[in-house]
Amino acid sequence: MERSLLQTQGFLEIRNSTQSGLLIIGNVPEKYSELQVTLSPSSICLCTGGQRINLDLPVGVRIVPPSCRNLHYVAGDGFHMRLQVQINQPAELVPTVIETLQAQTSYNFQCQTCGQSVLKRQMFQRVLPLPSGNWTDLVEHWCCHPDPFAKALQPRLDDCLLGDTFLLVSVASIDKTAVHEEPAGQSNVKQDAVHSGTHEVQMESENNTIVCTRCRKLLGIVTSSDTIKFYITEVLVQPLINKTLNRQIHERSWFVETVIAGRLKELSSAQCSFRFCIQGHNGKTYILLWLLNSDSLLVRSHDDVKSDFAGVDKKAVKPESSHKFCEGSNAIKVLYQPCLNGRNKMAEDKWEKNISVHCMTLPVSTCLQLLLILASSTAFLPPSLQNMNSFKVAFLKLD
């Protein structure tokens, strides 16, 4: 059966720094030699066999038609084209809580899943950054005598210490009716699935875990008798303005994706780190991740929800229309390798021994959820962009 022009999908990857882009028109009709492609600054017009459709670009994104070059057809992918793009005003991205948390300001710390407040002290007298997560690995290169930094850095009362992916606070600040401490060892903690429903994840940890009493979500771990570590992917931190709070409800998968993408961008900028080992709080490595760039803008056809450039179910096609609207998202581009069940063990061992590789620790369930987010992103890409050497390619949204 001949494929309708309405099933055609548009994918545009833009680099903000160079104002250049790669345009892929996928899922084109079989008689693609008859397809006419016309570019205007704000849209892409496709015509064939009496059909006509416009792919309208997001507001503020404009193509420079004379710059289009290297048009060619890739089997199973579609038409590829390089071009220049003008972006009126790149969006200002909201920094993560690690960058925005301030002393002498009231905040509400909530369980990201159910919204329950977990701290009874809402203002910190001091907010201090901790050294880089890899700092202890470098001590042997600095000192020729026993480690002088063996004693862990701990917060005092009304202190908050900022790590790469966590916040350290005093036990005295915790609302003990909102969180529950579970003993070290194996524990089954109910976690949110990526799409819907719940499942149980069995975890092994040397430290006691902190769990929300309302939804049973793991929020952090106990690092000492008077210190709690909260992971920034599990708590929502909002400033209290005039002692009022506007509860923000974020879809779990979107929240995890944007927080991790934001931290990867911040760490690469501040520490020139581009390779990361994503580890669970049990010490196991789950993902090897290589940051390629942090200034991408992805533009896709609005109804591109099946992430399928090879074919689209005819029943999923919307009623005939002469326009398809495209939506844009700021994102980082990464390469990744999963390390589950012994996969990529040799690469994992090399990365863990390399001091230039930065380790990021997250709850085990969040590591698994991140892996699903990455796999879903890869599936959304045109086939020719899904792999690079032995790595998978993915984009993590920043907004």
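First, a word on scope: everything that follows refers to the structure included in this document. Predicted model, so just to flag it, every value in this text is computed and none were measured.

Some words on the overall build of the protein chain
Part 1: Across its full length, the protein chain holds five helices and 24 strands.
Part 2: For the protein chain, the proportion of its 399 residues judged to be buried stands at 50%.
Part 3: Within the protein chain, contacts between residues at least 6 apart in sequence are counted, and of these 68% link residues at least 24 apart.
Part 4: Just so you have it, the protein chain exposes about 19,700 Å², and 51% of that area is on carbon and sulfur atoms.

Re the sheet that holds strand β12 (residues 179-182)
Part 1: The mixed open sheet is built from seven strands, whose spatial order is β9-β10-β11-β17-β16-β15-β12. Two strands close off the open sheet at either side, each with one partner strand: β9 (126-129) and β12. Shown here is a sheet whose adjacent strand axes are inclined to one another by a mean of 30 degrees, direction ignored.
Part 2: Here three bridges tie strand β15 (residues 209-212) to strand β16 (residues 218-224), and the two strands are oriented antiparallel to one another. Bridged to Ile 210 within β16 is Gly 220.

Quick look at the packing of aromatic side chains
Part 1: All told, the structure shown has five aromatic pairs when counted by the stated rule.
Part 2: Considering the side-chain rings of Trp 290 and Trp 351, the 5.9 Å spacing of their centres and the 75 degrees angle between planes classify their relative orientation as edge-to-face. Of this pair, Trp 290 sits in strand β20 (residues 285-301) while Trp 351 sits in helix α4 (residues 345-353), and the two are 61 residues apart along the sequence.
Part 3: What links up through ring pairs into an aromatic cluster is the set Trp 290, Trp 351 and Phe 391.
Part 4: Sitting over the face of the ring of Phe 166, Lys 229 holds its NZ or CZ atom 4.3 Å from the ring centroid.
Part 5: Sitting above the plane of the Trp 290 ring, Arg 275 keeps its charged end 5.3 Å from the centroid.

Quick word on the nonpolar core
Part 1: Formed by 29 residues in total, the largest nonpolar core has its most connected members in Leu 101, Phe 109, Leu 167 and Phe 230.
Part 2: Beyond its immediate sequence surroundings of up to four residues, Leu 101 is in contact with Tyr 107, Phe 109, Val 127, Cys 160, Leu 162, Leu 167 and Val 237.
Part 3: One finds Leu 264, Leu 289, Val 364 and Leu 370 within the second-largest nonpolar core, a separate group that totals 25 residues.

Comments concerning the packing of helix α3 (residues 252-271) against helix α5 (residues 364-380)
When two helices pack together, their arrangement is captured by the angle between the axes and the distance separating the axes.
Part 1: α5 packs onto α3 with a crossing angle of 90 degrees between their chain directions and a minimal axis gap of 10 Å. When the interaxial angle is binned, α3 and α5 end up roughly perpendicular. Along the contact surface, α3 presents Arg 252, Ser 253, Val 256, Glu 257 and Ile 260, while α5 presents Thr 366, Gln 369, Leu 370 and Ile 373.
Part 2: Here the contact of α3 with α5 is composed, by residue class, of four nonpolar, three polar and two charged.

Considering the pairing of strand β22 (residues 358-362)
Within a regular beta strand, the side chains point alternately toward one face of the sheet and then the other, so they alternate between its two faces.
Part 1: Of the two faces of β22, only the one carrying His 358, Met 360 and Leu 362 is buried; Cys 359 and Thr 361 on the other face are not.
Part 2: Examined bridge by bridge, strand β19 (residues 275-280) and β22 share five bridges and lie parallel to one another. The residue of β22 that forms the bridge with Phe 276 is His 358.

Examining the environment of Asn 108
Part 1: Take Asn 108: it is sitting in strand β8 (residues 107-111).
Part 2: By relative accessible area, which is 5% here, Asn 108 ends up buried.
Part 3: Spatially, the C-alpha atom of Asn 108 lies 6.5 Å from that of Leu 240, the residues being 132 residues apart in sequence.
Part 4: Reaching out from Asn 108, the side chain makes a polar contact with the side chain of Ser 117 at a distance of 2.9 Å.

Regarding the pairing of strand β7 (residues 78-87)
Part 1: Judged by how many residues are buried, β7 sits mostly within the fold: seven of ten residues are covered.
Part 2: Here six bridges tie strand β2 (residues 20-26) to β7, and the two strands are oriented antiparallel to one another. Along β7, the bridge assignment pairs Ile 25 with Phe 79.
Part 3: Turn length for the strand β6 (residues 61-74)-β7 hairpin, with the two strands adjacent in sequence and antiparallel, is three residues, and the turn residue Gly 76 shows positive phi of about 80 degrees.

A short note on the pattern of salt bridges
Part 1: The final tally for this structure, using the stated rule, is nine salt bridges.
Part 2: One continuous salt-bridge network, built from bridges that share partners, spans Glu 99, Arg 263 and Glu 266.

Observations concerning the side chain of Thr 96
Part 1: Here Thr 96 lies in the loop between β7 and α1 (97-100).
Part 2: Its relative accessible area of 10% is what places Thr 96 among the buried residues.
Part 3: Side-chain polar atoms of Thr 96 contact the side chain of Glu 266, separated by 2.7 Å.
Part 4: Not counting chain neighbours up to four residues away, the residues in contact with Thr 96 comprise Val 259, Gly 262, Arg 263 and Glu 266.

Description of a nonpolar patch on the surface
Part 1: Residues Phe 274, Trp 290, Leu 292 and Met 388 make up a contiguous nonpolar surface patch of about 340 Å² in total accessible area.
Part 2: Structurally, Leu 292 can be placed in strand β20.
Part 3: Judged by its relative accessible area of 37%, Leu 292 falls in the partly exposed class.

Some points on the environment of Gln 125
Part 1: Relative to the elements of secondary structure, Gln 125 occurs in the loop between β8 and β9.
Part 2: Leaving out residues up to four positions away in the same chain, Gln 125 has contacts with Ala 103, Gln 104 and Asp 158.
Part 3: At 2.7 Å, the side chain of Gln 125 forms a polar contact with the side chain of Gln 104.

Some thoughts on the state of the cysteines
Part 1: According to the stated counting rule, one finds zero disulfides in the structure shown.
Part 2: Free of any disulfide, Cys 47 has its nearest neighbouring cysteine sulfur in Cys 45, separated by 3.7 Å.
Part 3: Its relative accessible area of 15% is what places Cys 47 among the buried residues.
Part 4: Its sulfur unpaired, Cys 215 is 3.5 Å from the next cysteine sulfur, which belongs to Cys 111.

Calculation rules
Residues numbered from 1 in each chain as written. Predicted model: local features only at pLDDT ≥ 70, side-chain atom pairs only at ≥ 80, totals over all residues. Heavy atoms only, no water. Helix = DSSP H or I, 4+ residues; strand = E, 2+ residues; numbered from the N terminus. Buried < 20%, exposed > 50% of the residue type's maximum accessible area, 1.4 Å probe, protein only. Contact = heavy atoms within 4.5 Å. Areas by Shrake-Rupley, 256 points an atom, 1.4 Å probe, with all protein chains shown as cover. Pairing = 2+ DSSP bridges. Axes fitted to C-alpha atoms, helices over the stretch in contact; angles between N-to-C directions. Phe/Tyr/Trp six-rings, centres within 6.5 Å; stacked < 30°, edge-to-face > 60°. Lys NZ or Arg CZ within 6 Å of the ring centre and 35° of its normal. Core = buried A, V, L, I, M, F, W, Y, C linked by side-chain atoms within 4.5 Å. Parallel < 35°, antiparallel > 145°, perpendicular 65-115°, else oblique. Nonpolar A, V, L, I, M, F, W, Y, C, P; charged D, E, K, R; others polar. Polar contact = N/O pair within 3.5 Å; in protein donor to acceptor, adjacent residues only side chain to side chain. Salt bridge = Lys/Arg side-chain N within 4 Å of Asp/Glu carboxyl O. Patch = residues over 30% accessible without salt bridge, like charges linked within 9 Å, V, L, I, M, F, W, Y side chains within 5 Å. Disulfide = S-S within 2.5 Å.

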